[in-house]
Every structure is written in C-alpha cells, then in structure tokens.
Amino acid sequence: RRYKCKRERWGWLFHAKSQRKAMAPTAATRARALSLYRQLLRGAIKMPTPNRQNYVIRKTRAEYRAHMHLVDSEEIEFHLRLADTNLDTVLVQAEHLTRLFNDPRHNQDDAY
C-alpha cells in the first residue's frame with residue numbers, strides 16, 4: 001500500500017494535538033513497540049507446527065492493530081509489558097514444543 005505521508009503510515013504513533021491530557025508516544029516507545037512486534041513474528045516462526053505459527057502471527061497482528069491508536073502513555077506502557085510477557089511465553093512454548101515433537105517417544109504408537 002502506498003502512503004501519502006508519514007502521518008498516514010504511522011498515524012498511531014503521532015499524537016492528535018487536540019487531546020491535551022494524553023501524551024504522545026515517544027520515539028523510544030515506538031521503537032520498543034516495533035521491536036517487540038518483530039520479535040513476536042520471529043518467535044512465531046520457531047513454533048513447531050504451521051497451525052501454531054499462524055495462530056501467533058494472527059494474534060500478534062490483531063493485537064497491534066487493535067491498539068495502534070492508543071495515546072495514553074500508561075495504557076501504551078501496559079500493552080508493551082503485555083507484549084513482552086507474550087514474547088517470553090511464545091519463546092518458551094516454541095522451545096518446549098519443538099523439544100517435545102523431536103522426542104522419539106512422543107511419536108511412538110502405544111503398541112502395548
């Protein structure tokens with residue numbers, strides 16, 4: 001998609017000047033949000049099955065889209081901490097499930 005200007009492309013990152021009570025996200029906040037987003041998408045690739053990969057990707061994109069217009073700094077910080085927790089969860093699950101699926105005992109049929 002072609003964007004006319006940065007404001008259109010990064011609209012969620014800019015603060016509407018008419019809202020005096022909320023603060024605009026800082027450049028550091030934008031960088032942190034983008035970094036977490038990328039890390040979550042990379043973490044999804046580490047999931048052992050395509051279904052799990054697609055779920056994490058869809059969930060990540062949906063959550064970021066749903067909260068892209070936040071301007072309240074406390075709410076933004078809450079969602080960034082939540083994304084950080086989700087990243088830890090995704091990485092732990094990816095490691096655990098990969099190890100589980102690679103275990104030869106996991107795939108054995110119960111012939112007893």
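Shown above is the structure to which this text applies.
None of these values were measured; they are calculated from a predicted model.

Q: Could you give me a rundown of the pattern of salt bridges, with the residues and numbers involved?
A: When the charged atoms of two side chains lie near each other, side chains of opposite charge can form a pair. Inspection of every chain in the model, using the stated rule, returns 5 salt bridges. Arg99 is the partner of Glu95 in a salt bridge, and the nearest nitrogen-oxygen pair spans 3.0 Å. In this pair, Glu95 and Arg99 are both assigned in helix α4 (residues 73-102), 4 residues apart and thus about one turn of the helix distant. Judged by its relative accessible area of 52%, Arg99 falls in the exposed class. Here Arg105 ties to Asp103 by a salt bridge, and the two come within 3.1 Å at their closest N and O atoms. For Arg105, a relative accessible area of 63% corresponds to the exposed category.

Q: Just give me the short version of the packing of helix α2 (residues 27-45) against α4, but keep the residues and values in it.
A: Following both chains from N to C, one finds α2 and α4 inclined at 20°, their axes separated by 10 Å at the closest point. In terms of their interaxial angle, α2 and α4 are classed as roughly parallel. Considering only the axes of α2 and α4, their crossing is left-handed. Between α2 and α4, the contacting residues are Thr29, Arg32, Ala33, Leu36, Gln39, Leu40, Gly43 and Ala44 on the first element and Ile76, Glu77, Leu80, Arg81, Ala83, Asp84, Asn86, Leu87, Val90, Leu91 and Ala94 on the second.

Q: Quick rundown of the packing of α2 against helix α3 (residues 50-66)? Include the residues and the values.
A: Remark: α2 packs on α3, axes separated minimally by 7 Å, with the N-to-C direction vectors making an angle of 165°. Between α2 and α3, the crossing angle belongs to the class labelled roughly antiparallel. Crossing of α2 over α3 shows left-handed handedness. For the pair formed by α2 and α3, the contact residues are Ala33, Leu36, Tyr37, Leu40, Leu41, Ala44 and Ile45 on the first element and Gln53, Val56, Ile57, Thr60, Arg61 and Tyr64 on the second. Grouping the constituent residues of the contact of α2 with α3 by class yields 10 nonpolar, 2 polar and 1 charged.

Q: Go over the nonpolar core, please, and point to the residues and values.
A: Within the largest apolar cluster, 16 residues are counted, with the highest numbers of intra-cluster contacts made by Leu36, Leu40, Met47, Val56, Leu80 and Val90. For this core, the secondary structure elements donating two or more residues are α2, α3 and α4. The element contributing the most residues to this core is α4, with 7 residues. Not counting the four nearest positions on each side in its chain, Val90 is found in contact with Leu40, Gly43, Ala44, Met47 and Val56.

Q: An account of α2 is needed here, citing residue identities and associated values.
A: Relative to the 27 Å expected for 19 residues at 1.5 Å per residue, α2 spans 28 Å between its end C-alpha atoms, a close match to the ideal helical length. Taken together, the buried positions of α2 are Ala33, Leu36, Leu40, Leu41, Gly43 and Ala44. Projected down its long axis, α2 carries its buried residues within an arc of 160°, all on one side. Away from its buried face by more than 90 degrees, α2 exposes Ala27, Ala28, Arg42 and Ile45. The secondary structure elements touched by the buried residues of α2 are α3 and α4.

What counts, and where the lines are drawn
- Residues numbered from 1 in each chain as written.
- Predicted model: local features only at pLDDT ≥ 70, side-chain atom pairs only at ≥ 80, totals over all residues.
- Heavy atoms only, no water.
- Salt bridge = Lys/Arg side-chain N within 4 Å of Asp/Glu carboxyl O.
- Helix = DSSP H or I, 4+ residues; strand = E, 2+ residues; numbered from the N terminus.
- Buried < 20%, exposed > 50% of the residue type's maximum accessible area, 1.4 Å probe, protein only.
- Axes fitted to C-alpha atoms, helices over the stretch in contact; angles between N-to-C directions.
- Parallel < 35°, antiparallel > 145°, perpendicular 65-115°, else oblique.
- Left-handed = near helix turned anticlockwise from the far one by under 90°.
- Contact = heavy atoms within 4.5 Å.
- Nonpolar A, V, L, I, M, F, W, Y, C, P; charged D, E, K, R; others polar.
- Core = buried A, V, L, I, M, F, W, Y, C linked by side-chain atoms within 4.5 Å.
- Expected span 1.5 Å × (residues − 1).
- Arc of directions from axis to C-beta.

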